[in-house]
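As a plain string of letters, each chain reads:
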Amino acid sequence: LVRLLLIVIALLALVNVGLLVVPRLQQPATPVPGELIYVTTFDGFNDQWTQERGQTRTEVGGGALLISSDSPNEGIFSALDRDLGDFDLTVDARWQAVPDDYGQVAVIFRSVDRDNFYAFKLRADGAYRVEAVRDGAPDTLSEWQITPVVRTGEGAMNRIRIVGKAFIFTFYVNGEQLALCLRGQDRKSTWTGPRTGQCMSDNGRTRLEMADNAFARGRIALGAVASEPGTQVVFDNVVIAGPR
């Protein structure tokens with residue numbers, strides 16, 4: 001009994017001085033369909049998202065998450081402190097400052113670590129792409145394709161929705177489901193042109209779903225990739241639910 005009391009006292013001391021490491025929250029791998037898992041308007045509980053200061057920065061304030069980068073070709077992300085399996089994610093992303101057509105909004109999902117994750121990206125010219133990084137090696141799953149569904153220009157807001165159920169993924173922007181050009185048995189994803197909507201790889205078929213079993217669960221992160229200094233993206237209204 002004395003030994004048990006000593007252990008409890010030692011643990012309480014660690015908590016008081018902030019040395020007890022608390023693991024990030026584990027969500028059920030298969031949540032109830034439609035069940036609300038997480039929601040934020042960035043008006044509180046800001047410590048749930050990683051924040052950085054410097055030439056590239058992520059900061060919560062004024063009821064939004066601001067991602068800002070002055071480092072060309074460098075991505076900067078703010079990660080939520082939760083591991084998710086299946087999910088239905090919706091988030092609003094607004095172009096705060098767009099110095100050129102090649103800055104990107106990025107939503108990371110099923111992130112195991114910095115070398116293993118999926119990414120959905122919107123470019124400032126209205127293009128979208130789906131990527132994976134496996135053991136640090138980038139892999140394009142569906143190449144850039146421009147669509148009028150994506151709103152462009154400073155101040156424009158796009159509502160992004162990504163649904164991951166087991167190893168099947170679907171992608172939406174402003175309520176419209178996006179067609180994907182997967183590589184199939186070909187070497188890479190290839191469209192006939194940047195605006196055609198016609199896929200050359202995978203027997204010339206576009207698909208509305210992507211199947212990939214690299215990562216079963218992981219974190220979600222919101223971010224931007226700058227092509228020129230001064231790229232800024234604002235995120236708000238994050239809702240995560242169990243997929244139906």
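These notes cover the structure that comes with them. (Residues numbered from 1 in each chain as written. Predicted model: local features only at pLDDT ≥ 70, side-chain atom pairs only at ≥ 80, totals over all residues. Heavy atoms only, no water.)

**Some points on the nonpolar core**
Within the largest apolar cluster, 49 residues are counted, with the highest numbers of intra-cluster contacts made by Phe120, Phe171 and Ile240. Tallying contributions element by element places strand E7 (residues 87-97) first for this core, with five residues. Setting aside residues no more than four positions away along its own chain, phenylalanine 171 makes contact with Phe109, Phe120, Val130, Arg161, Ile162, Glu176, Gln177, Leu178, Leu180 and Met210. Of all hydrophobic cores here, the second largest spans six residues; its members include Ala79, Ile108, Ala119 and Val133. (Core = buried A, V, L, I, M, F, W, Y, C linked by side-chain atoms within 4.5 Å. Buried < 20%, exposed > 50% of the residue type's maximum accessible area, 1.4 Å probe, protein only. Helix = DSSP H or I, 4+ residues; strand = E, 2+ residues; numbered from the N terminus. Contact = heavy atoms within 4.5 Å.)

**Brief notes about a nonpolar patch on the surface**
The grouping of Leu36, Val39 and Val239 at the surface amounts to a nonpolar patch, some 240 Å² of accessible area in total. Summarising the element assignment, valine 39 is placed in strand E2 (residues 36-40). For valine 39, a relative accessible area of 47% corresponds to the partly exposed category. (Patch = residues over 30% accessible without salt bridge, like charges linked within 9 Å, V, L, I, M, F, W, Y side chains within 5 Å. Areas by Shrake-Rupley, 256 points an atom, 1.4 Å probe, with all protein chains shown as cover. Salt bridge = Lys/Arg side-chain N within 4 Å of Asp/Glu carboxyl O.)

**Re unusual backbone geometry**
With a phi close to 55°, aspartate 202 is a non-glycine residue in the positive phi region. As for its placement among the helices and strands, aspartate 202 is situated in helix H2 (residues 201-204). On the basis of relative accessible area, aspartate 202 is assigned to the buried category, the value being 8%. Here the phi dihedral of asparagine 237 falls at roughly 55°; this positive angle occurs in a residue that is not glycine. Within the element layout of this structure, asparagine 237 appears in strand E17 (residues 231-241).

**Some details on the state of the cysteines**
This model, assessed by the stated rule, comprises one disulfide. With its sulfur 2.0 Å from that of its partner, cysteine 181 forms a disulfide with cysteine 199. Taking the torsion about the sulfur-sulfur bond, which here is approximately 70°, the covalent link between cysteine 181 and cysteine 199 counts as right-handed. With cysteine 181 in the loop between strand E14 (176-177) and H2 and cysteine 199 in the loop between E14 and H2, this pair connects stretches of sequence that are 18 residues apart. Both residues of the pair, cysteine 181 and cysteine 199, belong to the buried class. (Disulfide = S-S within 2.5 Å.)

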